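Descriptive analysis of the structure
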Amino acid sequence: MVHGMVQSIPFLIVIIPFGLLFGVVAMEAGMDILQVMGFSILVLAGASQFTAVQLISENTPAIIVVISALAVNLRMAMYSASLVPWLGEASNRQKAWVAYSMIDQTYVLSIQHYEKYPRLTLTQRLAYFAGAAIAVCGPWMIATWLGATLGNAIPDDMALDFAVPITFIAMIAPMLRTPAHLAACFVAIVAALLFAGMPSGLGLLVAAPLGMMAGAYVEVWTEKRRKPA
Amino acid sequence: MSGGYSDLQIWIVIVILGIGTFLLRWSFLGSLGNREIPEWALRMLRYTPVAVLPALVAPLVTWPAATGGEPDPARLSAAAATLIVGILTRNVIAAIIAGAGTLALMLYLL
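This one's a predicted model, so the numbers in the text were calculated from it and none came from an experiment. (Residues numbered from 1 in each chain as written. Chains lettered and ligands numbered in written order. Predicted model: local features only at pLDDT ≥ 70, side-chain atom pairs only at ≥ 80, totals over all residues.)

Topic: the domain arrangement of chain A
All names here are of chain A. Applicable threshold: What counts as a domain boundary in this text is fixed by an automatic or database domain assignment. Each residue gets a C-beta atom placed from its backbone, and two residues are in contact if those atoms lie within 7 Å. By definition, any uninterrupted DSSP run of H or I lasting at least four residues is a helix, any uninterrupted run of E lasting at least two residues is a strand, and each is numbered from the N terminus.
The domains assigned to chain A are domain 1 (2–170) and domain 2 (176–229). Listed per partner, the contact involves 6 residues of domain 1 and 6 residues of domain 2. Elements represented by at least two residues in the side of domain 1 that touches domain 2 include exactly helix 5 (62–72) and helix 6 (75–87). For the side of domain 1 that touches domain 2, the leading source of residues is helix 5, giving 3 residues.

In structure tokens:
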């Protein structure tokens with residue numbers, strides 16, 4: 001568990017400023033501190049929280065707010081499926097905790113760890129996930145609260161909009177180690193740019209499976225070449 | 001209160017969004033249990049992170065909201081620096097620092 005916590009530390013340089021920013025933005029949109037914390041504790045999903053607050057402040061109908069923010073989170077269902085081979089044996093209670101704390105950072109860190117050390121026991125896998133969750137989700141909530149209370153003391157010229165893209169690229173780049181991984185990444189990027197015009201979240205839902213198929217296809221193809229029948 | 005939203009309406013949005021997000025996260029992990037997953041599906045699922053995150057990021061890099069959707073040399077070079085350093089060093093912190101440094105430098109220079 002300590003391992004998971006330690007390896008999560010780099011993400012704090014993004015999580016903390018982003019949590020602060022969410023606190024500030026949500027207060028500016030007219031919410032009270034309980035509501036701001038409600039978002040960060042009950043929803044616990046950065047990108048969709050920003051989406052929801054933005055749409056609420058524009059007075060968008062609630063149903064559209066909910067649908068758009070959920071669309072942003074649809075990728076979590078793909079994460080959920082890809083964790084089954086690793087955590088499928090866990091108890092229902094443990095799975096519920098994993099589901100609650102499943103964000104991009106905890107998910108990617110854990111799956112990288114599981115792939116690197118495939119012989120870990122279920123307990124060790126769950127402990128790693130829990131460590132990452134405590135180290136990332138806790139600071140997210142605290143930073144939100146600080147942002148909401150400190151408010152405008154935070155400078156807004158920090159180009160924070162780009163903190164998330166940079167972290168995500170930094171998380172993925174070290175994983176691009178085989179032709180199959182490169183193919184999955186490349187196809188997903190091209191498809192995402194082609195389908196960028198689709199309503200929020202939907203382009204991703206087409207692009208990501210295409211990338212995954214490309215990865216699987218290249219994997220089969222490389223295996224066949226390596227050992228000719 | 002901002003616009004037409006009452007406190008209660010905001011809470012309803014928060015609770016529904018919380019439940020919906022939890023169900024998305026729980027979906028496969030919670031319902032499939034330890035049933036066998038077919039080989040072809042496992043093969044695809046292995047590429048989930050390297051397909052989902054790049055697909056999520058690509059439009060944000062190409063058409064950043066902060067510049068009104070105009071491609072921006074500072075953000076493009078920051079993304080490239082992050083990627084290159086990440087692939088070469090296999091180190092997340094080094095990649096983040098390279099990206100943030102490049103962005104700060106380019107925004108300062110341009």
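Considering helix 5 (residues 92–109) of chain B
Going by this rule: Helices are assigned an expected span. That span is 1.5 Å times one less than the residue count. The burial label depends on the number of other C-beta atoms within 10 Å of a residue's C-beta. Counts of 20 or more mean buried, 12 or fewer mean exposed, and intermediate counts mean partly exposed, with C-beta atoms placed from the backbone.
Compared with an ideal rise of 1.5 Å per residue, which puts 18 residues at 26 Å, helix 5 of chain B spans 26 Å between its outermost C-alpha atoms and is within 8% of the ideal. Taken together, the buried positions of helix 5 of chain B are B:Val92, B:Ala95, B:Ile96, B:Ala98, B:Gly99, B:Ala100, B:Thr102 and B:Leu103. Taken together, the buried residues of helix 5 of chain B touch helix 2 (12–28) and helix 10 (163–172) of chain A together with helix 4 (73–89) of chain B.

Describing the nonpolar core
Quick note on the threshold: Nonpolar cores are identified as sets of buried Ala, Val, Leu, Ile, Met, Phe, Trp, Tyr and Cys residues joined via C-beta atoms within 7 Å.
Core analysis: the biggest nonpolar cluster contains 112 residues, and A:Ile172, A:Ala184, A:Ala188, B:Ala51 and B:Ala55 have the highest contact counts within it. Among the elements that line this core, the one with the most residues is helix 9 (residues 122–150) of chain A, at 11 residues. Setting aside chain neighbours within four positions, we find B:Ala51 in contact with A:Ala184, A:Cys185, A:Ala188, A:Ala208, A:Gly211, A:Met212 and A:Gly215.

Considerations on the UniProt feature "transmembrane region" (unreviewed entry) in chain B
Residue and element names in this part refer to chain B. As a reminder, the rule being used: UniProt positions are given in the numbering used here, feature names are shortened, and annotations may be inferred rather than shown by experiment.
Per the UniProt record, the feature "transmembrane region" (unreviewed entry) sits at residues 12–32, 44–66 and 78–109. Split by type, residues 12–32 is 100% helix and 0% strand. Its first and last C-alpha atoms lie 30 Å apart. Taken as a whole, residues 44–66 contains 74% helix and 0% strand, while its terminal C-alpha atoms sit 34 Å from one another.

Overview of unusual backbone geometry
At A:Leu44, a position not held by glycine, the phi torsion is positive, near 50 degrees. Among the structural elements, A:Leu44 can be located in the loop between helix 3 (33–43) and helix 4 (46–57). The backbone phi angle of B:Arg90 is positive, close to 55 degrees, even though this residue is not glycine. One can find B:Arg90 in the loop between helix 4 and helix 5. Note on B:Arg90: 14 C-beta atoms within 10 Å, which makes it partly exposed.

A few points about the interface of chain A and chain B
How we decide: When residues are sorted by character, Ala, Val, Leu, Ile, Met, Phe, Trp, Tyr, Cys and Pro go into the nonpolar class, Asp, Glu, Lys and Arg into the charged class, and all the rest, Gly among them, into the polar class.
Listed per partner, the contact involves 80 residues of chain A and 70 residues of chain B. Class assignment for the residues of the side of chain A that touches chain B results in 60 nonpolar, 14 polar and 6 charged.

With respect to the domain arrangement of chain B
Considered domain by domain, chain B is made up of domain 1 (1–35) and domain 2 (48–109). Summarising the inter-unit geometry, the C-alpha centres of domain 1 of chain B and domain 2 of chain B are found 30 Å apart.

Here we look at the confidence of the model for chain A
Stated formally: The quantity called pLDDT is the predictor's confidence in a given residue, expressed from 0 to 100.
Averaged over every residue, the pLDDT of chain A is 88; residues scoring 70 or more account for 94%. Ranking the helices and strands of chain A by mean pLDDT puts helix 7 (residues 92–100) of chain A first, with 96, and helix 5 of chain A last, with 83.

Some thoughts on the packing of helix 11 (residues 179–194) of chain A against helix 3 (residues 48–62) of chain B
To describe two helices that pack against each other, one gives the angle between their axes and the distance between the axes. We count it as follows: Working convention: axes come from line fits to C-alpha atoms, limited for helices to the stretch in contact. Angles between N-to-C directions cover 0 to 180 degrees. Angular relationships are summarised with four words: roughly parallel below 35 degrees, roughly antiparallel beyond 145, roughly perpendicular across 65 to 115, and oblique for the angles in between. Crossings are sorted by hand: turned counterclockwise from the far helix by less than a right angle, the near helix makes the crossing left-handed, and turned clockwise it makes it right-handed.
Where helix 11 of chain A meets helix 3 of chain B, the axes come as close as 8 Å, and the angle between the chain directions of the two elements is 40 degrees. As the angle between them shows, helix 11 of chain A and helix 3 of chain B are arranged oblique. Note that helix 11 of chain A runs across helix 3 of chain B; the crossing there is right-handed. Seen from helix 11 of chain A, the contacting residues are A:His181, A:Ala184, A:Cys185, A:Ala188, A:Ile189, A:Ala191, A:Ala192 and A:Leu193; seen from helix 3 of chain B, they are B:Val50, B:Ala51, B:Pro54, B:Ala55, B:Ala58, B:Pro59 and B:Thr62.

Re the packing of helix 5 of chain A against helix 1 (residues 7–32) of chain B
Where helix 5 of chain A meets helix 1 of chain B, the closest approach of the two axes is 10 Å, and the angle between their N-to-C directions is 30 degrees. By the angle class used here, helix 5 of chain A and helix 1 of chain B are roughly parallel. Seen from above, helix 5 of chain A lies across helix 1 of chain B with right-handed handedness. Taking contact as the criterion, the partners of A:Ala62, A:Val65, A:Val66, A:Ala69 and A:Leu70 in helix 5 of chain A are, on helix 1 of chain B, B:Gln9, B:Ile12, B:Val13, B:Ile16, B:Leu17, B:Gly20 and B:Thr21. For the contact of helix 5 of chain A with helix 1 of chain B, the residue count by class is 9 nonpolar, 3 polar and no charged.

Remarks on helix 6 of chain A
The end-to-end C-alpha distance of helix 6 of chain A is 18 Å, a good match for the 18 Å that 13 residues give at a rise of 1.5 Å each. Looking only at helix 6 of chain A, the buried set comprises A:Arg75, A:Met76, A:Met78, A:Tyr79, A:Ser80, A:Ser82, A:Leu83, A:Val84 and A:Trp86. Residues of helix 6 of chain A that are buried in the fold lie against helix 8 (104–116), helix 9 and helix 12 (202–226) of chain A together with helix 1, helix 2 (39–45) and helix 3 of chain B.

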